[in-house]
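Here's the letter readout for the chains.
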Amino acid sequence: MSLGDILEKEIQGEITQIRSGAQDKAAQIVASAQERAQSMIEGRKRALDSDYAAGLTRARSAADLDSNAQRLAASDTLQVKAFQTAQQFIASMTNAPEYPQVLTKLIEEGLNALPTAEVIETSAGEQDAVRQALGSLGRQMDVRVNDTVKTGVRLVGSGGKTSVQNTLLGRLEAARPTLSAEVSHMLAEV
């Protein structure tokens, strides 16, 4: 074998060795790149899953808040209607034949609170019923028209300095906080 053949053989061996090393190095680089790419894909997927879960939670919370707001608005509307209906019913009671009996109780309570009352004020439409109630109580008092006093009476003491108002609408308004809680409770059960 000639020196040229030996050198060529050595050069071929070195080339083969360099190629083999380069292929191994390239395979390592590709494997490392694939691992990093896979890691990045998994990290992005976890981040997207987390963002999706957070977005879903926010959407559910927003839907719950909206639902609660609509339920409260409906409840408020129903409460307003319930009190309006009660007020209309009470106002219509002034025409009932039993209304003088109701006024008798209201007048008695007012007289218990203000025994020195000399005048009873009531709306124009309730004057006759008030006179009937006074008759059943065996009392004589001056009955005056005051159209701001509806569904009951206002007793005025001597000199007009003291007074007691006792009306059904006033009682409804005074009981409104308690009744509102009860109405809310009943609406929540529906």
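These remarks concern the structure in this document. (Residues numbered from 1 in each chain as written. Predicted model: local features only at pLDDT ≥ 70, side-chain atom pairs only at ≥ 80, totals over all residues. Heavy atoms only, no water.)

A few points about the nonpolar core
We count it as follows: By nonpolar core is meant a set of buried Ala, Val, Leu, Ile, Met, Phe, Trp, Tyr and Cys residues that side-chain atoms within 4.5 Å join together. Burial classes: relative accessible area under 20% of the type maximum marks a residue as buried, over 50% as exposed, and values in between as partly exposed (1.4 Å probe, protein chains only). Going along the chain from the N terminus, every DSSP run of H or I of four or more residues is numbered as a helix, and every run of E of two or more is numbered as a strand. By the convention used here, residues are in contact when the closest approach between their heavy atoms is within 4.5 Å.
Counting residues in each nonpolar core, the largest one holds 20 residues, and the members touching the most others are Leu103, Ile107, Ile120, Val130, Leu134 and Val153. Looking at this core, the elements with two or more residues in it are α1 (3-93), α2 (99-113), β1 (117-122), α3 (127-137), β3 (152-157) and α4 (168-189). The leading source of residues in this core is α2, at 5 residues. Setting aside residues up to four positions removed in sequence, Val130 forms contacts with Leu103, Ile107, Ile120, Thr122, Val143 and Val153.

Some details on α3
This is how the line gets drawn: Read the arc as the range of directions from the helix axis to the C-beta atoms.
For α3, the full list of buried residues reads Gln127, Ala129, Val130, Ala133 and Leu134. What you see down the axis of α3 is that its buried residues fit within an arc of 160°, all on one side. Structural note: α3 exposes Asp128, Gln132, Gly135 and Ser136 on the side pointing more than 90 degrees away from its buried face. Against α2, β1, β2 (142-145) and β3 lie the buried residues of α3. Phi turns positive, to about 70°, at Gly138, one or two residues after α3.

So, the packing of α2 against α3
Rules: Axis lines are fitted to C-alpha atoms, over the contacting stretch for helices. Their N-to-C directions set the angle, which ranges from 0 to 180 degrees. In this scheme, a crossing is called left-handed if the near helix is turned counterclockwise away from the far one by less than a right angle; it is called right-handed if the turn is clockwise.
Two numbers describe how α2 lies on α3: the axes approach to 8 Å, and their chain directions differ by 65°. The handedness of the crossing between α2 and α3 comes out as right-handed. Taking contact as the criterion, the partners of Tyr99, Pro100, Leu103, Thr104, Ile107 and Glu108 in α2 are, on α3, Ala129, Val130, Gln132, Ala133, Leu134, Ser136 and Leu137.

A look at the pairing of β3
Going by this rule: Only strands joined by at least two bridges in the DSSP assignment are considered to pair.
Most of β3 is tucked away, with 5 of its 6 residues classed as buried. When β1 meets β3, the two strands line up antiparallel, connected through 4 bridges. Residue Ala117 lies in a different strand from β3, and its bridge partner there is Gly157. Pairing of β3 with strand β4 (residues 163-167), which is carried by 5 bridges, proceeds in the antiparallel orientation. Bridging across to β4, Leu155 finds its partner in Val164.

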